[in-house]
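Letter by letter, the chains look like this.
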Amino acid sequence: FDKFVPEPNASSVWLFPGLGSRFVGMGGDLIGSTSLADELVQQASDLLGYNVASVCLEGSGRKMVPQKIESEVLYVVNCIYAAVLKDHGYFPQMVCGHSLGSWAAAYAAEVYDFATGLELVTQVETILDSRALESPEAMGVIIGLPLGKVTDLLTRHTGVSLANLNCPGQYVLAGDATAIEQSLQAAIEEGAYKTKRLKSTRAFHTKRLGHIHDQIKGLFRNRSLQKPACPFVTPLQGNQLTSRHDIQNFLLQFLYLPVNWEDTITNLCSHQSVNQFFEVGPGTVLSDLMKYIAPSMPVHTASEILYENA
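Residues numbered from 1 in each chain as written. Predicted model: local features only at pLDDT ≥ 70, side-chain atom pairs only at ≥ 80, totals over all residues. Heavy atoms only, no water.

Visitor: Which residues make up the pattern of salt bridges, and what are the values?
Guide: Using the criterion set out here, one finds 11 salt bridges in the structure. A salt bridge links E125 to R202; the nearest nitrogen and oxygen atoms lie 2.5 Å apart. Here E125, found in helix α5 (residues 114-129), pairs with R202, found in the loop between β6 (194-197) and α8 (213-219); they are 77 residues apart in sequence, far enough to count as distant. For E125, a relative accessible area of 2% gives the class buried. The closest approach of N and O atoms between E137 and R208, which form a salt bridge, is 3.5 Å. Note that E137 is positioned in strand β3 (residues 137-143) and R208 in the loop between β6 and α8, a separation of 71 residues in sequence. (Salt bridge = Lys/Arg side-chain N within 4 Å of Asp/Glu carboxyl O. Helix = DSSP H or I, 4+ residues; strand = E, 2+ residues; numbered from the N terminus. Buried < 20%, exposed > 50% of the residue type's maximum accessible area, 1.4 Å probe, protein only.)

So, in structure tokens, the structure goes:
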């Protein structure tokens, strides 16, 4: 990658990571050393009733936390990177979130304020926790099989859907937990380089979550969203949304719609005005995917930019 760090106001597409990007120590370059970040983390702790900084920074390894808390702290950390970048004079040309990164992307586009977004994340997570499941759910990733073989595999295993098309050769399945295990084993037999069952106990980005649509819609009834300050890009095909109504409709649906990250990034790269990406969140998950989708396109992490400009 080009290690040149862009100047403030440089045109860039901001990408926000989703579940799977959390790790112990995330946000540690801002929490405790940046007043704006600390203010938002304290605001979140007050709203949520637990110490967000402790969840982010204390422990070791992958430190398991409940999925609700994982979603909440991921939103907070993504948002503090966005807020501090803006405070340093950076502003997005467009924003796009991978899966649950969409909540922070809407915040960065100024569709709602920090507290409103956090309340929505928390309330949606509460709805997800209260779902009555017909059978246990799971998600798993297949690495090293072509898409054709993955889709053929799915025709032989009912109860499993293709949830994420992350990049060539990396595909996430979701659905019935037993069927997921069977599908991952079948993928190895088909020649996959690697498979892994993910930590999630929810079948994100499948129709199994479709029945919560009306409950989520109710959360927006008394909330006034704002016109976005920049286009909001969906991780479905890279479509640009420029009205608050369209963004709200997307937020009502995205949990049960598949993520096509490969096509989204490819379509964004086809725009003449797009010449670089910022990964606005912890780690390098999306930057790593970029190597397999658009290896010549510059991508910078928020930590890299802020460190170079410290």
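Visitor: Which residues make up helix α10 (residues 261-269), and what values go with them?
Guide: Turning to α10, its buried residues are W261, T264, I265 and L268. Relative to the axis of α10, the buried residues are bounded by an arc of 90 degrees and lie together on one face. (Arc of directions from axis to C-beta.)

Visitor: An account of the pairing of strand β4 (residues 160-167) is needed here, citing residue identities and associated values.
Guide: The element β4 is extensively covered by neighbouring structure, given that 7 of its 8 residues are classed as buried. Sheet topology note: the β4/strand β5 (residues 170-176) ladder contains 6 bridges and is antiparallel. In the strand pairing of β5, C167 is matched with Q170. Counted between consecutive antiparallel strands, the loop separating β4 from β5 contains 2 residues, among which G169 sits at a positive phi close to 90 degrees. Bridging between β4 and strand β9 (residues 259-260) involves 2 bridges; their strand directions are parallel. Note that in β9 the partner of N164 across the bridge is V259. (Pairing = 2+ DSSP bridges.)

Visitor: Break down the sheet that holds strand β11 (residues 299-301) for me, with residues and values.
Guide: Spatial strand order, β8-β7-β2-β1-β10-β11: 6 strands in an open sheet with mixed pairing. The outermost strands of the open sheet, each flanked by one partner alone, are β8 (240-241) and β11. By the bridge criterion, 3 bridges tie strand β1 (residues 13-16) to strand β10 (residues 277-279) in an arrangement that is parallel. Its bridge partner being in β10, V13 is matched across the sheet by F277. Its contacts with the sheet put helix α3 (residues 67-87) on β1 and β10, and the angle it makes with β1 is roughly 160 degrees. (Contact = heavy atoms within 4.5 Å. Axes fitted to C-alpha atoms, helices over the stretch in contact; angles between N-to-C directions.)

Visitor: Explain the nonpolar core residue by residue, including any values.
Guide: Judged by nonpolar contacts, the single largest core of 74 residues is most densely connected at W14, Y75, W103, Y112 and L255. If we ignore the near neighbours within four places in the chain, the residues touching Y75 are W103, A104, Y107, Y112, D113, F114, G117, L118 and V121. Residues M94, C96, W261 and F277 belong to the second largest nonpolar core, which totals 19 residues. (Core = buried A, V, L, I, M, F, W, Y, C linked by side-chain atoms within 4.5 Å.)

Functional significance is not addressed by these values, which are geometric in nature.
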